[in-house]
Amino acid sequence: MLSLNQVFKVFNEGTMDEKIALNHLTLSLKQGDFVTVIGSNGAGKSTVMNTIAGKLIPDLGKVVIDGKEVTALSEYRRARFVGRVFQDPMAGTAPTMTIEENLAIAYNRISPRTLRLGVTKKRRDFFKEQLETLHLGLENRLNAKVGLLSGGERQALSLLMATFTEPKILLLDEHTAALDPSRAELITNLTREIVEKHQLTTLMVTHNMQQALDLGNRLIMMDKGQIIFEANEKEKAKLSIEQLLSEFQRIRGEKLSSDRAILG
């Protein structure tokens, strides 16, 4: 469903600030794979997400989604089959618009229409059904401005908007990091339920190693733009945070330089 083949990306090439963000990285996800991604700051995790989403175009290599090469395809053209939830609960929604209007915009990714025509009675009933799955009572607040929602409510809405059109690829970019523990747990559980329900092919970046171990069927560890360690479902089930940290030190000869990863 997703393939990155020898993807290379460098920033500030030819200057003193030159940095290789992705170093001939190769990664493949089958339909329904849920891969969690961990690594130190600057490992290239966000660059991978931006490359898949089309926000960045790689200098070398190919990006293939569902058998179609999309390497040079713009971000907005990929929006029909790539859903994304960001770390900032404010990033994935339009705060001055209502819940209903935000959902209509998300729905238009697969059925392009004007916003006014997008909010029919039939579609409103569909939106309510989808919101009920969040168990937050948002189905009764369709006309509420999204900017008035709590961080957890807004992130739950972002997750729903990114997934209810069943995209080919779902990208979760540290989507619980900005929430308090109880809300983070809520969004984590919703993520598990939604991904399993729709069998979405998912890539999730997280600094929380326990979350990376608890969710998904595969785990990869990145450093300096490369994948340095990978565990399948059986291997991941046997791993602990301590073992992951030891594995990083064994491979790189140094400790993982991210307190957030350890504390998470």
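Structure shown above.
Structural notes, computed from the coordinates.

Cut-offs and rules
Residues numbered from 1 in each chain as written. Predicted model: local features only at pLDDT ≥ 70, side-chain atom pairs only at ≥ 80, totals over all residues. Heavy atoms only, no water. Pairing = 2+ DSSP bridges. Helix = DSSP H or I, 4+ residues; strand = E, 2+ residues; numbered from the N terminus. Axes fitted to C-alpha atoms, helices over the stretch in contact; angles between N-to-C directions. 1 Å grid on protein atoms, 1.4 Å probe; cavity = no way out; pocket = protein on both sides within 12 Å on 5 of 7 lines; lining within 4 Å. Points joined across faces, edges and corners; volume = space filled by probe spheres on them. Nonpolar A, V, L, I, M, F, W, Y, C, P; charged D, E, K, R; others polar. Salt bridge = Lys/Arg side-chain N within 4 Å of Asp/Glu carboxyl O. Buried < 20%, exposed > 50% of the residue type's maximum accessible area, 1.4 Å probe, protein only. Expected span 1.5 Å × (residues − 1). Contact = heavy atoms within 4.5 Å. Parallel < 35°, antiparallel > 145°, perpendicular 65-115°, else oblique. Core = buried A, V, L, I, M, F, W, Y, C linked by side-chain atoms within 4.5 Å.

A separate point is the sheet that holds strand β10 (residues 226-231). Taken in spatial order, the six strands line up as β6-β7-β8-β3-β9-β10 in an open sheet, and their pairing is mixed. Strands with a single pairing partner mark the edges of an open sheet, and in this sheet they are β6 (82-85) and β10. With direction set aside, neighbouring strand axes in the sheet form an average angle of 20°. Note that strand β3 (residues 34-39) and strand β9 (residues 218-223) share five bridges and pair parallel. The partner of G39 across the bridge, within β9, is M222.

As a volume, the largest pocket reaches approximately 400 Å³. Along the wall of the largest pocket there are 20 residues; nearest its centre are A79, V82, R84, F86 and R109. Elements that contribute at least two residues to the lining of the largest pocket include exactly α2 (75-78), β6, α3 (99-107) and α6 (151-163). Each residue belonging to the lining of the largest pocket can be placed in one class, and the counts come to 11 nonpolar, five polar and four charged.

Our next topic: the pattern of salt bridges. Applying the stated rule across the entire model yields nine salt bridges. With a closest N to O distance of 3.0 Å, R218 and D33 form a salt bridge. Of this pair, R218 sits in strand β9 while D33 sits in the loop between β2 (19-29) and β3; the two residues are 185 residues apart in sequence, bridging distant segments of the chain. The class for R218 is buried, based on a relative accessible area of 13%. A cluster of three or more residues bridged by salt bridges with shared partners is formed by D33, R218 and E230.

A positive phi angle, close to 55°, is found at N12, a residue other than glycine. Residue position: N12 is located in the loop between β1 (2-11) and β2. Among the residues examined, N12 registers a relative accessible area of 46% and is labelled partly exposed. A positive phi angle, near 55°, is found at H24, a position not held by glycine. Counting through the fold element by element, H24 comes out in strand β2.

On to α6. Taking 1.5 Å of rise per residue, the 13 residues of α6 would be expected to cover 18 Å, and the 18 Å separating its terminal C-alpha atoms lies within 8% of that figure. Burial of α6 is extensive: 12 of the 13 residues sit out of reach of the surface. Considered for burial, the residues of α6 that qualify are G152, E153, R154, Q155, A156, L157, S158, L159, L160, M161, A162 and T163. Looking at the buried side of α6, the elements it contacts are β6, α3, α5 (121-132), β7 (169-173) and α7 (181-198).

Quick look at the packing of α3 against α5 now. Each pair of packed helices can be summarised by the angle the axes make with each other and by the distance between the axes. Two numbers describe how α3 lies on α5: the axes approach to 11 Å, and their chain directions differ by 100°. As far as their axial angle goes, α5 and α3 are roughly perpendicular. Each of I99, E100, L103, A104 and Y107 in α3 lies in contact with α5, whose residues at this interface are R123, R124, F126, F127 and L131. When grouped by side-chain class, the residues that make up the contact of α3 with α5 number seven nonpolar, no polar and three charged.

With that out of the way, let us pick up the nonpolar core. Of all hydrophobic cores here, the largest spans 34 residues; its most connected members are I99, L103, L131 and L157. With residues up to four places along the chain from it excluded, the contact list for L131 reads I99, L103, L138, E139, L142, L157 and L160.

As defined by bridge partners, β9 adjoins β10 across five bridges and the pair is classed as antiparallel. The residue of β10 that forms the bridge with I220 is E230. Remark: two residues form the turn of the hairpin made by β9 and β10, two consecutive strands paired antiparallel; K224 in that turn has positive phi of roughly 50°.

On to the sheet that holds β1, then. With antiparallel pairing, the four strands of this open sheet are ordered in space as β2-β1-β4-β5. Across the chains shown, the open sheet's two edge strands, defined by having one partner strand only, are β2 and β5 (68-69). Direction of pairing for β1 relative to strand β4 (residues 60-65): antiparallel, over a ladder of five bridges. Residue pairing across strands places L4 opposite V63, the latter belonging to β4. Lying over the sheet, helix α1 (residues 45-53) contacts β1, β2 and β4, oriented at roughly 115° with respect to β1.

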